[in-house]
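Each chain, letter by letter, is given below.
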Amino acid sequence: MIVELGHFALMLALGVALVQAVAPLIGWFRHDARLMATATSAARAQFVAIVVSYLCLTWAFISKDFSVAYVAQNNYSEMPFIYRLTAVWGAHEGSMLLWVLVLAGWTFAVSVFNRRLPSDMRALVLSVLGFVSIGFLAFVLLTSDPFTRLFPVPADGSGLNPILQDPGMASHPPMLYMGYVGFSVAFAFAIAALITGRLDAAWARWARPWTTAAWVFLTLGITIGSWWSYHVLGWGGWWFWDPVENASFMPWLAGTALIHSLAVTEKRGLLKSWTVLLSILAFSLCLFGTFLVRSGVLVSVHAFASDPSRGLFVLGFIGAVVGVSLALYAWRAPRFKADGELRLWSREGFLLFNNVFLAAACGAVLLGELYPLIVNAVSTSKISVGPPYFNTVFFPLFGPLFVLLGFAGVVAWKRAQLRTIVQRLRIPLLLALVAAAVLPFALVGKTAVTAAAGGLLAVWIITTAVAELWRWVRSRNSAVAGLKSISRATWGMTLAHIGMAVCLIGISFNSAFSIERDARMAPGAVEHLSGYDFSLGEVHAAEGPNYTALIATVYVVKDGERIATLHPQKRTFRPGGQEQTDAGVAKGALRDLYVSLGNDFGNGTWGLRMYVEPLVRFIWYGGLLMFIGGGLAATDPRYRLARAARRVRVAADAAAETA
């Protein structure tokens with residue numbers, strides 16, 4: 001009964017989404033306020049229906065209802081309760097249900113928090129989101145129904161993929177989807193602007209917090225994914241330019257360009273058409289990532305499905321979305337005129353260059369994704385594009401971008417004086433040069449070109465960001481007044497830029513100084529690595545809730561003193577006997593010691609892989625700082641339409657009383 005209710009709720013949600021999409025559009029054409037108002041009610045009803053459907057599937061996992069094919073494929077009676085909950089989105093069908101749930105959640109949020117938007121704009125935004133919902137709900141019902149029954153009913157299930165039985169599974173997919181799907185709101189605002197012809201500073205102010213919020217969640221999702229890969233996959237890496245990793249990175253690059261372009265549109269009324277195009281591009285790249293993960297064209301530990309029919313459906317949906325959007329853009333975009341002149345020697349000019357480098361980096365990643373697919377499709381040869389290509393092409397584009405990041409913070413809007421810029425940048429430049437020479441020795445005890453360059457650019461970004469805040473504070477009567485006058489958005493921008501700098505330190509230093517060694521070791525054997533002595537103790541068996549583990553004890557000694565004891569594991573999961581490593585990690589602010597357990601070579605000899613990972617945690621610290629900074633910027637009070645409306649009313653009332 002619960003399963004049938006879940007399926008019916010999905011069908012009901014599709015019907016409601018159809019009303020949400022079509023009725024307000026007709027109302028807009030007819031100038032019918034009642035029809036436009038149906039979008040809000042329909043959005044909320046759709047959200048309730050999908051929540052009911054999702055809860056039904058969750059209950060099927062909790063109650064171990066193996067008559068549901070999806071549950072039987074991804075659940076197991078001995079699996080811990082937390083992994084029965086995360087297994088709901090652990091494979092294709094459930095992850096798509098999570099996708100439509102997140103989409104319905106964003107739509108519900110727009111209907112609640114945008115009540116002060118002009119009624120026609122709100123109706124069109126919800127209408128566009130309704131059309132997107134129709135596409136994904138149809139995809140779920142036609143090709144990926146999670147409620148399909150199985151007969152005969154098996155006595156037990158096959159269990160969740162062992163690599164997904166990890167705490168990271170509880171946070172990484174939901175945060176990633178919140179970012180992916182969140183860009184649909186920016187897309188909806190862009191399409192609504194094209195339809196109405198209203199694209200001004202007010203429109204940018206409406207769209208900007210939603211876009212920033214999507215970027216914030218995507219940043220957190222990518223950060224968690226990097227950390228998860230690091231401690232689960234057993235090879236000590238935090239990014240491998242995997243095609244599915246790139247599928248999330250491309251929308252992040254486009255979204256980063258978009259939030260900066262929106263700032264220019266809001267402040268100066270410039271880059272209007274480009275901002276709309278970026279909104280379309282960011283969401284289109286999210287759809288493209290969905291195609292890569294679910295079509296079977298890629299082989300990856302991150303890929304969900306390999307059914308060509310699903311890939312064709314998503315490809316057709318992408319074609320419809322991109323085709324209609326670009327046709328509408330080609331028709332309406334020429335009508336959007338700039339409100340002023342764009343001067344390259346100004347903050348908006350530097351932000352334009354920022355967008356150029358971000359777009360080029362996104363294009364480079366997209367080329368690396370598409371080229372192997374095209375070659376593999378038109379010829380019998382199989383090629384792949386890996387880290388050498390991406391490292392060679394990508395990082396030279398980001399170097400100038402980081403330099404511009406420092407300039408943009410100190411350059412004024414409209415027009416800047418060269419003398420003023422030089423004066424403001426002298427101290428940051430001096431500190432950055434000193435950091436290039438000193439920072440590697442201070443943090444690691446040696447130097448390398450990559451680390452020196454990363455330290456220079458990171459300190460450049462941090463000092464220019466802090467210097468701008470300092471100038472703002474000094475311009476006020478007191479330090480307290482100056483700090484209070486800084487907007488939440490400014491604090492958020494500064495913190496996000498500092499987070500990028502911290503992440504850059506982690507990437508450059510870890511890339512320069514990370515070291516690894518593979519060894520066959522018997523108990524008592526010692527391996528020397530980068531000043532540390534790794535010795536193997538005993539290896540013993542242990543029972544987990546749904547697996548059997550081999551657990552090694554590894555001692556780490558430095559300068560005659562034991563500094564860490566690690567317990568890497570190799571787990572064999574029931575049912576099926578799939579193996580999964582669980583690395584032993586000694587965490588530290590400035591370095592990690594990392595060991596993964598390999599094969600048993602007999603006679604008490606084991607394979608061990610040992611790593612010394614300098615400053616690797618700076619990568620995730622930086623990601624968290626960007627997440628917090630973006631969250632502050634997205635929640636700036638000036639974006640709260642209700643508060644802004646109250647201010648207008650108060651000002652009008654005061655003026656009336658004075659008169």
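Here the structure is a predicted model, which means the values were calculated and not measured. Numbers given for residues are sequential positions, taken from 1 along each chain in its written order. Local features in this predicted model are restricted to residues whose pLDDT is 70 or higher, and side-chain atom pairs enter the listing and the counts only when it is 80 or higher, whereas totals over whole chains, interfaces and linings include all residues. In computing side-chain properties, one takes all heavy atoms of the structure into account and sets aside hydrogens as well as water.

A. View of the overall build of the protein. A run of H or I in DSSP counts as a helix once it spans at least four residues, and a run of E counts as a strand once it spans at least two, with each numbered from the N terminus. Secondary structure assignment for the protein yields 19 helices and 10 strands. Our radius of gyration is a C-alpha quantity, and the globule rule it is checked against amounts to 2.2 Å times the number of residues to the power 0.38. For 659 residues, the compact-globule estimate of 2.2 N^0.38 gives 26 Å, and the C-alpha radius of gyration of the protein, at 27 Å, lies within 12% of that figure. With the C-alpha coordinates aligned to their principal axes, the bounding extent of the protein is approximately 95 × 70 × 55 Å. Only protein chains enter the accessibility calculation, which uses a 1.4 Å probe; a residue whose area is less than 20% of its type maximum is buried, one above 50% is exposed, and one in between is partly exposed. Counting only residues that meet the buried cut, the protein has 54% of its 659 residues in that class. Whether two residues are in contact is decided by their heavy atoms, any of which lying within 4.5 Å being enough. Summarising the internal contacts of the protein: among those between residues at least 6 apart in sequence, 74% fall at separations of at least 24. Here the protein has roughly 27800 Å² of accessible surface; of this, 65% comes from carbon and sulfur atoms. Only the protein chains shown count as cover for residues, with accessible areas throughout obtained via the Shrake-Rupley method and a probe of 1.4 Å.

B. Inspection of the sheet that holds strand β9 (residues 591–602) at higher detail. Reading across the sheet, the 4 strands line up as β1-β10-β9-β8 and stay open at both edges, with antiparallel pairing between neighbours. Because the sheet does not close on itself, it has two edges, and the strands there are β1 (515–521) and β8 (584–586). This sheet shows a mean twist of 20 degrees between the axes of neighbouring strands, independent of strand direction. Between any two strands, at least two bridges found by DSSP are needed for them to pair. Comment: axis = line fitted to C-alpha atoms, over the contacting stretch for helices; angle = value between 0 and 180 degrees taken between N-to-C directions.

C. A look at the pattern of salt bridges. A pair is scored as a salt bridge if a Lys or Arg side-chain nitrogen falls within 4 Å of a carboxyl oxygen belonging to Asp or Glu. A full pass over the atoms with the stated rule returns 16 salt bridges. Taking the shortest distance from any N to any O, the salt bridge between Asp-65 and Arg-149 comes out at 3.6 Å. Placement of the pair is Asp-65 in the loop between α2 (33–62) and α3 (69–74) and Arg-149 in the loop between α6 (119–143) and α7 (172–196), with a sequence separation of 84 residues. Classification of Asp-65 by relative accessible area gives partly exposed; the value is 22%. When salt bridges with common partners are traced through the structure, they connect Glu-4, Asp-65 and Arg-149 into a single cluster.

D. Focus on the domain arrangement of the protein. Throughout, the edges of the domains are those of an automatic or database domain assignment. Domain annotation for the protein reports domain 1 (1–160), domain 2 (172–353), domain 3 (412–513 + 622–626 + 653–658) and domain 4 (515–617). Taking only C-alpha atoms, the centre of domain 2 and the centre of domain 4 are 40 Å apart. Taken together, the contacts link 8 residues of domain 2 with 13 residues of domain 4. Put simply, domain 2 and domain 4 have 0 salt bridges between them. Contacts described as polar in this section are N or O atom pairs within 3.5 Å, which, within protein, must combine one atom able to donate a hydrogen with one able to accept it, while residues neighboring in sequence count only if both atoms come from side chains. The interface formed by domain 2 and domain 4 includes 8 residue pairs in polar contact (both at pLDDT 80 or more). Of the residues belonging to the side of domain 2 that touches domain 4, the class tally is 5 nonpolar, 3 polar and no charged. Residue type decides the class: Asp, Glu, Lys and Arg count as charged, Ala, Val, Leu, Ile, Met, Phe, Trp, Tyr, Cys and Pro as nonpolar, and the leftover types, Gly among them, as polar.

E. Seen up close, the packing of aromatic side chains. What counts as a ring pair is set by centres within 6.5 Å for rings of Phe, Tyr and Trp (its six-membered ring), and what kind of pair is set by the plane angle: stacked under 30 degrees, edge-to-face over 60, tilted for all other angles. Tallying each qualifying case throughout the model produces 34 aromatic pairs. When the centroid spacing of 5.5 Å and the interplanar angle of 75 degrees are considered together, the rings of Phe-61 and Tyr-70 count as edge-to-face. Classification of Phe-61 as buried rests on a relative accessible area of 0%. Residue classification places Tyr-70 among the buried residues on the basis of a relative accessible area of 3%. Here Phe-249 and Trp-252 contribute two aromatic rings whose centre-to-centre distance is 5.8 Å and whose plane-to-plane angle is 15 degrees, an arrangement assigned as stacked. Placement of the pair is Phe-249 and Trp-252 together in helix α9 (residues 243–268), with a separation of 3 residues, close to one helical turn. The pair formed by Phe-249 and Trp-252 is uniform in burial state, with each residue classed as buried. The ring of Trp-331 carries Arg-332 above its face, with NZ or CZ at 5.1 Å from the centroid. Sitting over the ring of Tyr-532, Lys-558 keeps its end group 4.6 Å from the ring centre. Definition used: whenever NZ (Lys) or CZ (Arg) falls within 6 Å of the ring centre and also within 35 degrees of the ring normal, the charge is taken to sit over that ring.

F. Quick peek at the nonpolar core. By size, the foremost hydrophobic cluster in this structure holds 173 residues, and its most contacted members are Phe-136, Phe-189, Trp-203, Trp-252 and Leu-253. In terms of residue count, α7 provides more of this core than any other element does, 15 residues in total. In this structure, Leu-253 is in contact with Leu-358, Ala-361, Cys-362, Val-365, Phe-394 and Phe-398, ignoring residues within four places of it in sequence. In this description, a nonpolar core means a group of buried Ala, Val, Leu, Ile, Met, Phe, Trp, Tyr and Cys residues linked to one another through side-chain atoms lying within 4.5 Å.

G. Structural context of the side chain of Asn-546. Examined against the element boundaries, Asn-546 turns out to sit in the loop between β3 (532–543) and β4 (547–558). The class for Asn-546 is buried, based on a relative accessible area of 1%. Those residues in contact with Asn-546 that sit more than four places away from it in its chain are Tyr-76, Glu-78, Met-79, Pro-80, Gln-165, Thr-572, Phe-573 and Arg-574.

H. Here's a closer look at the packing of helix α13 (residues 387–410) against helix α14 (residues 418–443). Where α13 meets α14, the axes come as close as 10 Å, and the angle between the chain directions of the two elements is 120 degrees. In terms of orientation, α13 and α14 fall into the oblique class. When the axes of α13 and α14 are compared, the crossing they make is right-handed. Across the interface between the two elements, Gly-406, Phe-407 and Val-410 of α13 pack against Ile-421, Arg-424 and Leu-425 of α14. Split by residue class, the contact of α13 with α14 holds 4 nonpolar, 1 polar and 1 charged. In what follows, roughly perpendicular refers to angles from 65 to 115 degrees, roughly parallel to angles under 35, roughly antiparallel to angles over 145, and oblique to any angle outside these ranges. Whether a crossing is left-handed or right-handed is set by the direction in which the near helix is turned from the far one by less than a right angle, anticlockwise for left-handed and clockwise for right-handed.

I. Expanded view of the side chain of Ser-133. Position of Ser-133 relative to the elements: it lies in helix α6. Not counting residues within four places of it along the chain, the set of residues in contact with Ser-133 comprises Ala-17, Gln-46 and Leu-103.

J. Examining the confidence of the model for the protein more closely. Confidence scores per residue from the predictor, reported as pLDDT, run from 0 to 100. Mean pLDDT over the protein: 90, with 95% of residues reaching 70 or higher. The low-confidence segment residues 644–659, where pLDDT is below 50, has 2 contacts with residues more than four positions distant or belonging to other chains.

K. Seen up close, a nonpolar patch on the surface. On the surface, Ile-2, Leu-5, Phe-8, Leu-12, Val-48, Val-52 and Trp-59 cluster together into a nonpolar patch covering about 630 Å² of accessible area. Elements with a contribution of two residues or more to the nonpolar patch: α1 (2–30) and α2. Here the element with the most residues in the nonpolar patch is α1; it accounts for 4 residues. Tracing the chain through its elements places Phe-8 in helix α1. A patch consists of residues whose relative accessible area exceeds 30% and which take part in no salt bridge; residues with like charges are grouped when within 9 Å of each other, and nonpolar side chains (Val, Leu, Ile, Met, Phe, Trp, Tyr) when within 5 Å.

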